[in-house]
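What follows is the residue order along each chain.
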Amino acid sequence: MSTESFQPIAECGVTPQASAAAYHRQWLIANDSGQWLNRELCPKLADVSVELRLGYLVLKAPGMLRMDIPLDVIEDDDSVRYSMKVGAETIDVVDEGELAAAWISNFVQVPCRIMKVHPDTPVAVWPA
């Protein structure tokens with residue numbers, strides 16, 4: 001059995017679920033200025049646990065109800081698609097909506113949003 005862990009949301013918790021390999025770092029957290037938040041900028045991200053269940057990315061955090069985000073839905077509405085920088089790369093991301101934004105913002109106490117990396121522009125190299 002593999003002991004590898006996967007991180008569906010960059011800088012949040014990891015899961016050993018083998019099915020999570022296809023979703024490794026497919027989401028990220030961005031502040032309201034469009035900057036990618038890592039654990040150095042927002043240490044509470046480490047307290048967000050993730051798992052895959054019944055077609056959803058399930059987020060849990062201390063003191064919070066769980067948040068379910070559909071795994072394979074990409075909104076085709078260009079009004080929720082943005083470009084942002086991750087390290088030296090510019091990628092396209094899709095905003096996961098107001099409910100997800102309120103959930104993560106409430107937990108980390110910083111206005112931010114959960115963004116899905118668009119499959120057309122994956123991050124080639126995540127900053128260390």
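Preceding this paragraph is the structure being described.
An account of the accompanying structure is given in this report. As the structure is a prediction and not an experimental result, all values here were calculated from the model. (Residues numbered from 1 in each chain as written. Predicted model: local features only at pLDDT ≥ 70, side-chain atom pairs only at ≥ 80, totals over all residues. Heavy atoms only, no water.)

**As for the overall build of the protein**
Argument step 1. For the protein, the count of helices and strands is 1 helix and 7 strands.
Argument step 2. Element order for the protein, N to C, with α for helix and β for strand: β-β-β-β-β-β-α-β.
Argument step 3. A globule of 128 residues ought to have a C-alpha radius of gyration of about 14 Å, and the protein, at 14 Å, matches this closely.
Argument step 4. The principal-axis extent of the C-alpha atoms belonging to the protein is close to 40 × 30 × 30 Å.
Argument step 5. By the burial criterion, 44% of the 128 residues in the protein qualify as buried.
Argument step 6. Considering only contacts within the protein whose residues lie at least 6 apart along the sequence, 52% involve residues at least 24 apart.
Argument step 7. If you sum the accessible surface of the protein, you get close to 7,000 Å²; carbon and sulfur atoms cover 54% of it. (Helix = DSSP H or I, 4+ residues; strand = E, 2+ residues; numbered from the N terminus. Rg over C-alpha atoms; globule rule 2.2 N^0.38 Å. Buried < 20%, exposed > 50% of the residue type's maximum accessible area, 1.4 Å probe, protein only. Contact = heavy atoms within 4.5 Å. Areas by Shrake-Rupley, 256 points an atom, 1.4 Å probe, with all protein chains shown as cover.)

**A few points about the packing of aromatic side chains**
Argument step 1. Tallying each qualifying case throughout the model produces 2 aromatic pairs.
Argument step 2. The ring of Phe 107 is capped by Lys 44, whose NZ or CZ atom sits 4.4 Å from the centre of that ring. (Phe/Tyr/Trp six-rings, centres within 6.5 Å; stacked < 30°, edge-to-face > 60°. Lys NZ or Arg CZ within 6 Å of the ring centre and 35° of its normal.)

**Focus: helix H1 (residues 98-108)**
Argument step 1. Among the residues of H1, Ala 100, Ala 101, Trp 103, Ile 104, Ser 105, Phe 107 and Val 108 are the ones counted as buried.
Argument step 2. Buried residues along H1 sit against strand S1 (27-31), strand S3 (56-60), strand S4 (67-70) and strand S7 (112-117).
Argument step 3. Looking one or two places after H1, you find Gln 109, whose phi comes out positive at around 65 degrees.

**Considering the sheet that holds strand S6 (residues 89-95)**
Argument step 1. Spatial ordering of the open sheet is given by S1-S7-S6-S5, a layout of 4 strands whose pairing is antiparallel. Because the sheet does not close on itself, it has two edges, and the strands there are S1 and strand S5 (81-86). Sheet twist, expressed as the mean angle between neighbouring strand axes with direction ignored, is 50 degrees.
Argument step 2. Here S5 runs beside S6; their pairing, made up of 6 bridges, is antiparallel. Each bridged residue has a counterpart across the sheet, and for Ser 83 the counterpart in S6 is Asp 92.
Argument step 3. In the packing of H1 onto the sheet, contacts are made with S1 and S7, and the angle to S7 comes to roughly 125 degrees. (Pairing = 2+ DSSP bridges. Axes fitted to C-alpha atoms, helices over the stretch in contact; angles between N-to-C directions.)

**Digging into the sheet that holds strand S2 (residues 49-53)**
Argument step 1. The strand order across the open sheet formed by 3 strands is S2-S3-S4, and the pairing between neighbours is antiparallel. A single partner strand is all that each edge strand has here, and the edge strands are S2 and S4. Going across the sheet, the axis of each strand differs from the next one's by a mean of 25 degrees, ignoring polarity.
Argument step 2. As judged from the 4 bridges shared by S3 and S4, these two strands associate in the antiparallel manner. Looking across to S4, one finds that Leu 59 is bridged to Met 67.

**Let's talk about the nonpolar core**
The nonpolar side chains of a soluble globular protein tend to be buried, and buried together.
Argument step 1. Among the nonpolar cores identified, the biggest contains 27 residues, and Ile 29, Leu 57, Leu 59 and Ile 104 are the most heavily contacted of them.
Argument step 2. Elements represented by at least two residues in this core include exactly S1, S2, S3, S4, H1 and S7.
Argument step 3. What Leu 59 contacts, discounting residues up to four positions off in sequence, is Ile 9, Val 48, Ser 49, Val 50, Arg 66, Met 67, Ile 69, Trp 103 and Ile 114.
Argument step 4. Ala 10, Val 86, Val 117 and Trp 126 belong to the second-largest nonpolar core, a separate cluster that totals 12 residues. (Core = buried A, V, L, I, M, F, W, Y, C linked by side-chain atoms within 4.5 Å.)

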